[in-house]
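Here is how the chains run, residue by residue.
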Amino acid sequence: MTLPPLEIVLYTGAVSLLIIGLAGLVMGDNLVRLVLALAVAEAGVNLLLVLSGFRQGAFAPILLEGRVPGPMVDPIPQALVLTAIVIGVGVQALALALVLRVRRAYGTVEMRTLRARLHEDLDAAAGLPPETSRNAPAVERPA
Amino acid sequence: MNFVVLAVALPLLAGFLTPALGRSSRALAQWLGWGTLAVCIGVLWVAWARLDGGTVAIAIGGFRPPLGIVFYLDAVALLFGLAVPLMALLLWPREGTPQQFALTLVLTASATGLALSGDIFNLYVFYELTAAASFGLIAGRGTGAAQGAALRYLLLSAAGSVLLLAGITIVYLRTGTLNLAHLATLAPERLQDPVGLAAFALMLIGLGVKGELFPVNGWVPEVYGSVSGRLAGLLAGLVSKLAVLVVVRILVLIFPQPEAAQLMLVLGMLGIVAGELAAWRARDLRRQFAFSSIGQLGIVFVAFSVPGEAGIVAGLAVALHHLLVKPALFLLAERWGGSIEGLRGAGRGHWLASGLFILFALSLVGLPPLPGFWAKLLTVMGLMGLGTGLAWLGALTVMAATVVEAAYLFRTLSVLLAREAGYTSPGPHRGLDLVTASLAGLVLVGSVFALHPLGDGLKAMAAQAADVQGYIRTVLGDRAVARRGQREDRISEAHPASRGSDRPMGRADRAYGWPAGSPTRGARS
Amino acid sequence: MTLLDGLWLASALTALAAGLFGRSPSAGPWLTALYGVQFLLVAFMGPLAYGADPVPASPAFSVLGYGLSWQFTALSWFFAVITAGAALAAAWFMSGAWGRHYAEQGGDLRLLQLALALNPSTMYVLLASRDFLSLFVGWELVSWASFVLMLAAGGVGVRWALRYLVYAIGGAMAVMAAMVLSHALTGSFEFGALAAVVPDLSAGTLWSLVILLSGGFGVKMGLLPFHLWQAGAYAETPGPGSAFLGAISSRMGLYAMLLTLFGVLGLGTLKALSIPWTPLEAHELLAWIAAFTIVLPTFTALKQNDARWLLAWHGIGQGGYMLMGVAMGDALASAGGLMHVFNHATYQAALFMAVTAVVYRTGTADLNKLGGLVTRMPLTFLVLLVGIIGLAGLPPMNGFVSKWLIYRALIDDGQPLLFVAAVVGTLGTIVSVYKLLHNIFLGQLRVEHESVREVPGSMLAPMLALSLIVFVTGLAPGLVLDWLTTVQRELGLAVLAPTLGGVERPDGGLDMLWVVGILFAGFGVGALIFLAGGRARTVHQLDNYAGGHFLTAEVRYHYSDNFYAGLMHRIGPWYRGSFQWLQDSVVAATDLLAQAAAGVYRVVQPAAWLLGVTVLALWWVAA
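Just so you know, these numbers come straight off a predicted model, no measurement behind them. (Residues numbered from 1 in each chain as written. Chains lettered and ligands numbered in written order. Predicted model: local features only at pLDDT ≥ 70, side-chain atom pairs only at ≥ 80, totals over all residues.)

*Asks:* Just give me the short version of the overall build of chain C, but keep the residues and values in it.
*Replies:* When helices and strands are tallied, chain C shows 25 helices and nine strands. Relative to a compact globule of 623 residues, whose C-alpha radius of gyration would be 25 Å, chain C shows 26 Å and is just as compact. In terms of overall dimensions, chain C has a C-alpha envelope of 100 × 70 × 55 Å along the principal axes. A burial count over chain C gives 56% of its 623 residues as buried. (Helix = DSSP H or I, 4+ residues; strand = E, 2+ residues; numbered from the N terminus. Rg over C-alpha atoms; globule rule 2.2 N^0.38 Å. Buried ≥ 20, exposed ≤ 12 C-beta atoms within 10 Å, placed from the backbone.)

Pasting the structure below:
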């Protein structure tokens, strides 16, 4: 299928946002940045959704005096995106709240440290010795 | 039948009332929660009785499908719908705060919605709501580990939701509708290509986060390791199954192509291998069960990947069996925390708990005539009936997993029942936990005596769920088909260009008079 | 209600009674009586062995549209009578002093009684199965019942029981695969349905069925390379339990093989199924596996220093003879193989009981810590002597007859290599059972065993009864061979025409009446000479010398450690532990894989897997 250049740009932008967001989610370490990356990815996919109803040169989907004024943009994706944005905002707020709680509990906002501390806690609760670290000697160094 | 909506609306409403009510009286909030759940069970039970094996579509707010949002009720949907408030009641967070009551109620509402909804976007909304409620419940335990696990789960789950939404977008782009029944009519011509498959892959992975699909289940051991046994049971037993149910609905109705099922089969197989082997190495009971649940969900995915009725029968059997057994095991693990080696002799003297553990373990491993055996047999039969190499490999994986499962479950049991003393027990299991687990045990044993009717019921249920034409007829209806002609005439007055198009029309198309969800943008404008 | 219903009911009642009252040692005789009832009920079905109509069971189920039904035929009856006899003997053995002793030692007598009772009851279910579904149900029940019995001892036994469980479940899964494959081919679980389509099946499908069935059932029999679990699991079970397991448990594998490979697929099919690029056919492959199963475990038994382990290893090896006979499939060989099931059950149960009796009195089964007990436990010695003659396959005991039939058939069929394997196995058996007899009963008595007495009657009676059967069926093998003709007819094999003393053949048959007669005439001549010589002197056990030195009570001289030093010097390097190594490697590889699997869940960013699998899935979709 052939798309008008404008739509190509828009779609590329949306997909790029999605990819940038996911990549940030994978590569980031700072928890706040991870939440931001999530927001970027969600923005990308929301944009994609809204684009699915987009038609160049069409009207906003509002009936004027009960009559259809001409070709209109598909309104359903817009309604969906509104919902998705609300959900996204809610989840991000929850995520930030949890980041604060985690910082209070573990004193860190870094994923790597969080994972290490979390697994230490889980192992300790399970009565297991902590994972031996590759960076620390297994026994005390001789004096 | 519109009263079924109450099963979603009431707990949602009660969920918002509970925190306010809980401020004045915790007991009152608790009773409100129980009452609501009981009403939900009643509502769904009445619906089950009235439905009597048939299928019904409910248009919400009076808009007819495919324009309006629908609930689709068939035996499978109602069965899982009924399981939600029932299990929420059984696994109620008794020692929790009113906030946790509220979240449990919201979880109930959204999970019921997941089971009943007949619209893809609604499914997405309910899915997100379920996720949000479970994050809250997980973090609600208040320990650092629980909050850390909740955050890590949230990030993974939200990323999955993004993929799910991307998949939904592709589907919408292609078909212009989100109603499952309508999609089912359009899918054969619109989604039978790599792009459609890509949409399925994205949705599978997105939904797979909750359904414990490999490899997006990294959260499972962390979360189940840090929450209470009741919550772990609820998440592992119920929520994961509902995510799988959604995947299955999508697979059956929209993506009949073999590649879609193959993708699910491969990921399910990897999940079995990873879950069971990790469980074999796990050194504490709770995470052993967590990993084992990954493996079991892998079997569920593998079973459902068999096309047609055979797959649905097998998948339902495995899913229902796991739904019964795993929460009960998590309840038993509540008092048997700590490393497994430290539990030497812990089961001696607690014969009810140990006996239940033995029963569940035997059923999981598949000792005939316990239900676990028939579930496993159906799965292997379905897979080997396909005759493809990949399906054989799947059957082999399921059977090899059984060996590993037997090895670790009975190694654990041999430790629990070892004749050495020296274990300082934290006391017997709480009475309520034991009663709930015994209930599951009774159902398990009771079903042995009702194998014949159960098998027939399951088959009928699966036949209904596999009947795509039936689904379409129920939702869009014969009358709707008849009325379609009139509407098309009316629309064609406004847009003469669309006359003569005999293709089915999308939701937006229908409303605004575009030619049915055009595959290309150009054709629309 | 049919006799089979009655048998099921009786065995269920026994299990119930064992569970309720098993804790008290005084319940032993009552339980034994219940086993006696089971045995009688089986005996009442005796006409089956002479061609009577099958005895059906009243219960029949239908699950998921598949029927499950049960009935006893001659084949079932043959195995059932051995099962009932072994269970009766084992229960009798533990009914009195032994059970009390076990409970006093801290053993869980109730668990042991219950586990023992569960075994025959599940076996009766398995033996009656007449379709794949009921076969599998019975198979799993039997597997788990043996697991419970192995667990009864606790301690080391648990480790072996768990190892057994892994093997058993693996085997059961192979059986399940075969059963489902059969279902995929025929749409039903009936034996008849599969038998009907066998001629149309491709060689590949047939091979899959043969491999899955013989592999799955072979695990239970301890066929190479699936034998590593058996010796430990059987040996570490409490005495009467190991007598029962050693006698019949692993033979269930042979029964199931007979039922499916021979009864359903048919010997003709196996003979027509050749291995590409070799002159071997499927049944010869089975015979060769049996040959290796005879030789390797037998020579492993030779190295054991624990009497129970030695016997258990021999149990694996003797299973090889049974399979070899049955796999060769002609009238002589199959009769020999089947009769060996009976013979082995009788002498193996007697042997395990004799060893348990020794353990009961001395507290050890270590062959390096015993000796000279013949003067203290003469009747146990007699039982062990009769048992090892049977085990070694020497006249006049029954083991000789079955082995003779197998040797003879191998020669007739022109299988010199298999014959050599069988003879080498027998040689190893003779050498190693002599070690058993010598190290326990001959040589010098140890000081700590001075006060040892013969075991009480409740233990002696079943042992002596079994020895009597070993001798009588050796003297008149026709008694058992008569049943086997019916079994052979049922399985569609060539039918033997036995006489009371054995078989009559123009080119030299076997008449045990003559063999035993001549043997005992020889003994009589010897006795006459001995008596005529007159001058006999009774000396004390320590009144002898070695290397010119008189031995005193201070200098113990009982040669037991490193018993066959010279032989081991020759064959020692052949013991490589290859199968142990193989098993360890598989475990290690699984562990490595499991570490990798666990590693998946320790990753810092779970989202990485999400992204990775998405990219892969999209790539796969696009491709």
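*Asks:* Outline the sheet that holds strand β6 (residues 502–503) of chain C, supporting the account with residue identities and numerical values.
*Replies:* Residues and elements named next belong to chain C. Sheet architecture is open: three strands sit in the order β5-β6-β7, paired in antiparallel fashion. The open sheet is flanked by β5 (498–499) and β7 (510–511), the only strands paired with a single partner. Across two bridges, the pairing between β5 and β6 is antiparallel. Paired with Thr499 across the bridge in β6 is Gly502. (Pairing = 2+ DSSP bridges.)

*Asks:* Now, about the interface of chain A and chain B: what can you tell me, with residues and values included?
*Replies:* With 46 residues of chain A in contact, the opposing surface of chain B contributes 42 residues. Among the elements that take part in the side of chain A that touches chain B, helix α3 (residues 75–106) of chain A stands out by supplying 16 residues, more than any other. Of the residues assigned to the side of chain A that touches chain B, the class counts are 33 nonpolar, six polar and seven charged. (Contact = placed C-beta atoms within 7 Å. Nonpolar A, V, L, I, M, F, W, Y, C, P; charged D, E, K, R; others polar.)

*Asks:* Which residues make up the interface of chain B and chain C, and what values do they have?
*Replies:* Contacts between the two partners involve 47 residues from chain B, matched on the other side by 39 residues from chain C. At the level of elements, α6 (144–175), α8 (194–208), α9 (219–226), α11 (258–281), α15 (371–386), α16 (389–416) and α18 (451–466) of chain B are the ones that each hand at least two residues to the side of chain B that touches chain C. Of the residues forming the side of chain B that touches chain C, the biggest block, nine residues, is contributed by α16 of chain B. Residue classes in the side of chain B that touches chain C are distributed as 35 nonpolar, eight polar and four charged.

*Asks:* Describe the environment of Ser52 of chain A, and please don't skip the residues or the numbers.
*Replies:* Within the secondary structure layout, Ser52 of chain A lies in the loop between α2 (31–51) and α3. Classification of Ser52 of chain A as buried rests on a count of 23 C-beta atoms within 10 Å. Between the C-alpha atoms of Ser52 of chain A and Val40 of chain A, which are twelve residues apart in sequence, the distance is 19 Å. Aside from chain neighbours lying at most four places away, what touches Ser52 of chain A is Pro77 of chain A together with Thr169, Tyr172 and Leu173 of chain B.

*Asks:* Tell me about the nonpolar core, and please be specific about residues and values.
*Replies:* Core analysis: the biggest nonpolar cluster contains 490 residues, and Ile138, Leu154, Leu155 and Ala159 of chain B together with Met324 and Ala350 of chain C have the highest contact counts within it. Per element, the largest residue contribution to this core is 21 residues, and it comes from α6 of chain B. With sequence-adjacent residues up to four places away left out, Leu155 of chain B is seen in contact with Leu25, Leu34, Leu38 and Ala95 of chain A together with Ala607 of chain C. (Core = buried A, V, L, I, M, F, W, Y, C linked by C-beta atoms within 7 Å.)

*Asks:* Could you give me a rundown of the pairing of strand β2 (residues 69–73) of chain B, with the residues and numbers involved?
*Replies:* Residues and elements named next belong to chain B. Taken across its five residues, β2 has four buried, putting it largely inside the fold. Bridging between strand β1 (residues 56–60) and β2 involves five bridges; their strand directions are antiparallel. Residue pairing for β2: Ala59 is matched across the bridge by Val70.

*Asks:* Quick rundown of unusual backbone geometry? Include the residues and the values.
*Replies:* Residues and elements named next belong to chain C. Across the junction of Leu224 and Pro225, the peptide omega takes the value 0 degrees, indicating a cis bond. Inspection of the secondary structure assignment puts Pro225 in the loop between α9 (203–221) and α10 (230–235). Of note, the bond from Pro395 into Pro396 is cis; its omega dihedral lies within 30 degrees of zero at 10 degrees. Note on placement: Pro396 falls in the loop between α17 (378–392) and α18 (398–412). Phi angles above zero are rare outside glycine, and Trp277 is one such case at about 65 degrees. A count of 6 C-beta atoms within 10 Å places Trp277 in the exposed class.

*Asks:* I'd like a rundown of the packing of helix α1 (residues 5–27) of chain A against helix α25 (residues 606–622) of chain C, residues and numbers included.
*Replies:* It is the contact of α1 of chain A with α25 of chain C, at a shortest axis distance of 8 Å, that shows an interaxial angle of 140 degrees. As the angle between them shows, α1 of chain A and α25 of chain C are arranged oblique. Both α1 of chain A and α25 of chain C take part in a crossing whose hand is left-handed. For the pair α1 of chain A and α25 of chain C, the contacting residues are Leu22, Leu25 and Val26 of chain A in the first and Ala607, Ala608 and Leu611 of chain C in the second. When its residues are assigned to classes, the contact of α1 of chain A with α25 of chain C shows six nonpolar, no polar and no charged. (Axes fitted to C-alpha atoms, helices over the stretch in contact; angles between N-to-C directions. Parallel < 35°, antiparallel > 145°, perpendicular 65-115°, else oblique. Left-handed = near helix turned anticlockwise from the far one by under 90°.)

*Asks:* Before we move on, can you summarise the confidence of the model for chain B with the specific residues and values?
*Replies:* With 88% of its residues at a pLDDT of at least 70, chain B reaches an overall mean of 83. Contacts of residues 480–525 of chain B to residues separated by more than four positions or lying in other chains number 63 contacts, the stretch itself having pLDDT below 50. (pLDDT = per-residue confidence, 0-100.)

*Asks:* Describe the confidence of the model for chain C, naming the residues involved and giving the relevant values.
*Replies:* Residues and elements named next belong to chain C. A residue-level look at chain C finds 97% of positions with pLDDT of 70 or above and a mean pLDDT of 90. The secondary-structure element of chain C with the lowest mean pLDDT is strand β8 (residues 545–546), recorded at 64, while helix α3 (residues 74–93) shows the highest, at 94. Predicted complex, confidence summary: ipTM 0.89, pTM 0.89.

*Asks:* Outline the environment of Thr2 of chain C, supporting the account with residue identities and numerical values.
*Replies:* Residues and elements named next belong to chain C. If you trace the backbone, Thr2 turns up in the segment before α1 (3–21). The class of Thr2 is partly exposed, set by 14 C-beta atoms lying within 10 Å. For the pair formed by Thr2 and Leu436, sequence separation is 434 residues and the distance between their alpha carbons is 45 Å.

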